[in-house]
Amino acid sequence: MIGTAILLNDFKRQWADTRADVLAAVESVGASGWYILGRRVESFERALAPRFGRRLAVGCASGLDAIEVGLRALGLQPGQRVLTTPLSAFATTLAILRAGGVPVFADVDRRGLVDLDLCERRFAADPALRFFVPVHLFGYPLDGGRLAALRARFGLTLLEDCAQSVMARWRDVPAGSAGQASATSFYPTKNLGALGDGGAIVTDDDEVRSRCAFLRDYGQSARYVHDHLGLNSRLDELHAAILESAFLPRLEAWTERRRAVARRYLAGIRHPRVRTLEPAAEAQPSWHLFPVFVPGAERDSFRRHLEGRGVQTAIHYPRLITEQRALAGVLTPEAAGPLEVARELAGGEVSLPIHPYLHDEEVEAVVEAVNGWPATRD
Ligand SMILES: *Cc1c(COP(=O)(O)O)cnc(C)c1O
C-alpha cells in the first residue's frame, strides 16, 4: 500500500507556486487599513465579470449566498417554483429554498447536466413555472444558445449556477452569459478558489447589480438605510485581493492545464467498464471535475483499486438532492418526478484527479491505474 499520492486537489503545490503573490496581496490589504467593501472588491469584480461574458459582478461570501442573493435580486417571490437539477451540490437547491422558492426537478441527460429537452416540455406545459436554475455541472457547459432561446421563448428568469464552470465555453461563448444573472463560488476546490469562502453574482443589468449589492450588505441602499431584509454576505477585501492578484492571472494557464489533462485521460482511458464523458463538439469544458462512470455494483472495487495505486477519487454526487433527508417534507410530490438517469449516474460516478498542478507522470499513472483495473465480470 503506497498511500494516496495523486490527490484530487493539491493545495500544497498551489501554495508553493502562488505564495509570494498571495503574501503581497495580504500585505497590500493590511497596509491599506480598509478591510470590507473597498477598492479591492471593486477592482476584483471588474476583472471577474468578463470571465463569464458579463459587464458587472458582485462579490459575496459564498456560492450558496450568490445563488440566493441572485434569485432575490431577480425578483423571486416566496412560494414561486424554480426548475433545477437533482444532480449538483446541495447548495444549488438550498439557495433556492433560502430565497423562498420551491425547487422542482428535471432529470439529467447522459452527461449529467439537466436535460434541456425535458425542461422545455415542462415550461411549455406549465406557464406558472418561470424560474430556472441550471448548473454547468463538472464544468461541462450547457448549450448557451439553447438556454437563451428557452429564456426568450418562455419569458424565463434564468440564473445559471457557474460554481464549476468559470472559463467553460460553448462555441466560444462563456458559460454563464445566457441568463439575467449567474452565480459562482470561490470555495477552495473550485477552478478559481480562494483560501476560504467566497462567491459572486455576475450580470449585465445595472438594476440587478445594485439589488445584489445591497442584499449582500444587510439590505442597505445607503448607509443605515435598510430598504430590504438582506444578509451579511460580503466578500472580504483580503480575499478579493488574493483572488485578483494571485489567482485570476493564473486562471487561463490553470484552465489550459486542466484541458491538457482531460485530453490525455480521454485519449488514454480504455476499459470496457469505464465510461468517460466526451464533451459535446461545441463545448470547451472548464474541467472542474473529470467524471467517469462504472457499473454501480463495481464502484467500490474500482475506487479501492485506484486507491491501491495511490490515486485519490471522489463521488459527485452519491445521493440525489431530492433524496436528502433535509428535504423530506419540503418537496411537493410533483417536485421530484422520475429521475432515472440522474439516479443511475449518481450510482456509478467516480471523479478522477484533475487539477493544474498534476505532473505528466501522475496523469500517466492515473491512466494506467484505470486501464489496469482487473475485469471482475464479463
Ligand atoms: C460549490 C458549489 C456551490 C456552492 O458554493 P459554496 O461557495 O460552497 O457555497 C453551488 N453550486 C455548485 C454547482 C457548486 O459546485
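See above for the structure.
Each chain carries its own residue numbering, running from 1 in the direction its sequence is written. Only residues with pLDDT of at least 70 are given local features in this predicted model, and only at 80 or more are side-chain atom pairs given and counted; all residues enter the totals for whole chains, interfaces and linings. Side-chain metrics in this entry use all non-hydrogen atoms of the structure; hydrogen atoms and water are not considered.

**A word on empty space enclosed by the protein**
How we decide: Only protein atoms enter the 1 Å grid used here. Points where a 1.4 Å probe fits but cannot escape make up a cavity, open sets with protein on both sides within 12 Å along at least five of seven lines make up a pocket, and a residue lines them when an atom lies within 4 Å of a point. Grid points are joined across faces, edges and corners, and a volume is the space filled by probe spheres set on the points. Runs of H or I in DSSP of at least four residues are treated as helices and runs of E of at least two as strands, each being numbered from the N terminus. Amino acids outside the nonpolar list (Ala, Val, Leu, Ile, Met, Phe, Trp, Tyr, Cys, Pro) and the charged list (Asp, Glu, Lys, Arg) are all regarded as polar, and Gly is one of them.
Under the criterion given, the structure shown has 2 cavities of 30 Å³ or more. Taken as a whole, the largest cavity holds about 130 Å³ of empty space. Along the walls of the largest cavity sit 14 residues, with Gln-14, Pro-188, Lys-190, Arg-258 and Pro-356 positioned nearest its centre. Going through the elements one at a time, helix H1 (11-32) and helix H8 (237-268) are the ones with two or more residues in the lining of the largest cavity. Split into classes, the residues belonging to the lining of the largest cavity amount to 5 nonpolar, 6 polar and 3 charged. In this structure, the second largest cavity occupies an estimated 50 Å³ of space. Partitioning the lining of the second largest cavity into residue classes produces 6 nonpolar, 6 polar and 1 charged.

**Remarks on the environment of Glu-364**
Of note, Glu-364 is situated in helix H11 (residues 360-371). Each C-alpha atom, one on Glu-364 and one on Gly-268, is 8.4 Å from the other, the two residues being 96 residues apart in sequence.

**Comments concerning the sheet that holds strand S5 (residues 157-161)**
Going by this rule: Strand pairing requires that DSSP identify at least two bridges connecting the strands. A fitted line through C-alpha atoms represents every axis, and for helices the fit uses only the stretch in contact; the resulting angles, taken between N-to-C directions, go from 0 to 180 degrees. For this analysis, residues touch if any pair of their heavy atoms sits within 4.5 Å.
Taken in spatial order, the 7 strands make up an open sheet running S1-S9-S8-S5-S4-S2-S3, and their pairing is mixed. Both outer strands of the open sheet, strand S1 (56-60) and strand S3 (102-105), are each paired with one neighbouring strand and no more. Averaged over all pairs of adjacent strands, the angle between strand axes in this sheet comes to 25 degrees, irrespective of strand direction. Of the strand pairs in this sheet, S1 and strand S9 (residues 199-203) are connected by 5 bridges, and their pairing is antiparallel. The partner of Cys-60 across the bridge, within S9, is Gly-199. Lying over the sheet, helix H4 (residues 90-98) contacts strand S2 (81-84), S3, strand S4 (131-133) and S5, oriented at roughly 140 degrees with respect to S3.

**Some details on the nonpolar core**
Grouped burial of nonpolar side chains is what soluble globular proteins tend to show. Rule in force here: We call a set of buried Ala, Val, Leu, Ile, Met, Phe, Trp, Tyr and Cys residues a nonpolar core when their side-chain atoms join them within 4.5 Å. Think of it in three bands: with a 1.4 Å probe and only protein chains considered, a residue is buried below 20% of the maximum accessible area for its type, exposed above 50%, and partly exposed in between.
Ranked by size, the top nonpolar core spans 60 residues in total, and within it Phe-132, Tyr-265, Phe-290, Phe-302 and Leu-352 carry the most contacts. Ranked by the residues each element gives to this core, the list is headed by H11, at 5 residues. If near-sequence neighbours (up to four positions away) are discounted, Phe-132 is found in contact with Val-82, Leu-83, Val-114, Leu-116, Cys-119, Phe-123, Leu-147, Leu-150, Leu-156, Thr-157, Leu-158 and Leu-159. Formed by 28 residues, the second largest nonpolar core is a distinct cluster that contains Val-29, Ala-49, Val-202 and Tyr-357.

**Some remarks on H1**
To keep it simple, the criterion reads: Take the residue count of a helix, subtract one, and multiply by 1.5 Å to get its expected span. To get the bend at a residue, fit one axis to the 7 residues ending there and another to the 7 starting there, then take the angle between the axes.
Across its 22 residues, H1 extends only 28 Å between first and last C-alpha, which sits more than 12% below the 32 Å expected from 1.5 Å per residue. Of all the bends in H1, the greatest measures close to 65 degrees and is centred on Thr-18. For H1, the complete set of buried residues consists of Gln-14, Thr-18, Val-22, Ala-25 and Val-29. Elements in contact with the buried residues of H1: helix H2 (39-48) and H8. Just downstream of H1 lies Gly-33, where phi reads positive at about 75 degrees.

**Quick look at the site of the ligand**
Selection criterion: In this text, near means that some heavy atom of the residue lies within 4 Å of the molecule or strand in question. In protein, a polar contact means a hydrogen-donor-capable atom and an acceptor-capable atom, both N or O and within 3.5 Å, with residues adjacent in sequence counting only if both atoms are side-chain atoms; elsewhere, any N or O pair within 3.5 Å suffices.
Surrounding the ligand, one finds 15 residues, the nearest of these being Gly-63, Asp-161, Gln-164, Ser-185 and Lys-190. Between Asp-161 and the ligand, the recorded distance is 2.7 Å, taken from a side-chain N or O atom to a nitrogen atom. Interatomic distance of 2.8 Å between a side-chain N/O atom of Gln-164 and an oxygen atom of the ligand. Where the shell around the ligand is concerned, the elements lending two or more residues are helix H3 (63-73) and H4. Along the lines of polarity and charge, the residues of the shell around the ligand split into 6 nonpolar, 7 polar and 2 charged.

**With respect to the packing of aromatic side chains**
As a reminder of what qualifies: Each aromatic pair joins two rings of Phe, Tyr and Trp (for Trp, the six-membered one) with centres within 6.5 Å, and gets the label stacked for planes under 30 degrees apart, edge-to-face for over 60, and tilted for any other angle. Note on geometry: a ring has a charge over it if NZ (lysine) or CZ (arginine) is within 6 Å of the ring centre and within 35 degrees of the ring normal.
Inspection of the entire model under this criterion finds 10 aromatic pairs. A centroid spacing of 5.2 Å and a plane angle of 75 degrees characterise the contact between Phe-123 and Phe-132, whose relative ring orientation is edge-to-face. The same class applies to Phe-123 as to Phe-132, namely buried. Ring centres of Trp-287 and Phe-290 lie 5.4 Å apart, and the angle between their planes is 20 degrees; this geometry places the pair in the stacked category. Phe-290 carries the same exposure label as Trp-287, and that label is buried. Every member of this aromatic cluster is reached through a ring pair, and the members are Phe-138, Tyr-140, Tyr-265, Trp-287 and Phe-290. Positioned above the aromatic ring of Trp-373, the side-chain terminus of Arg-273 is 5.8 Å from the ring centre.

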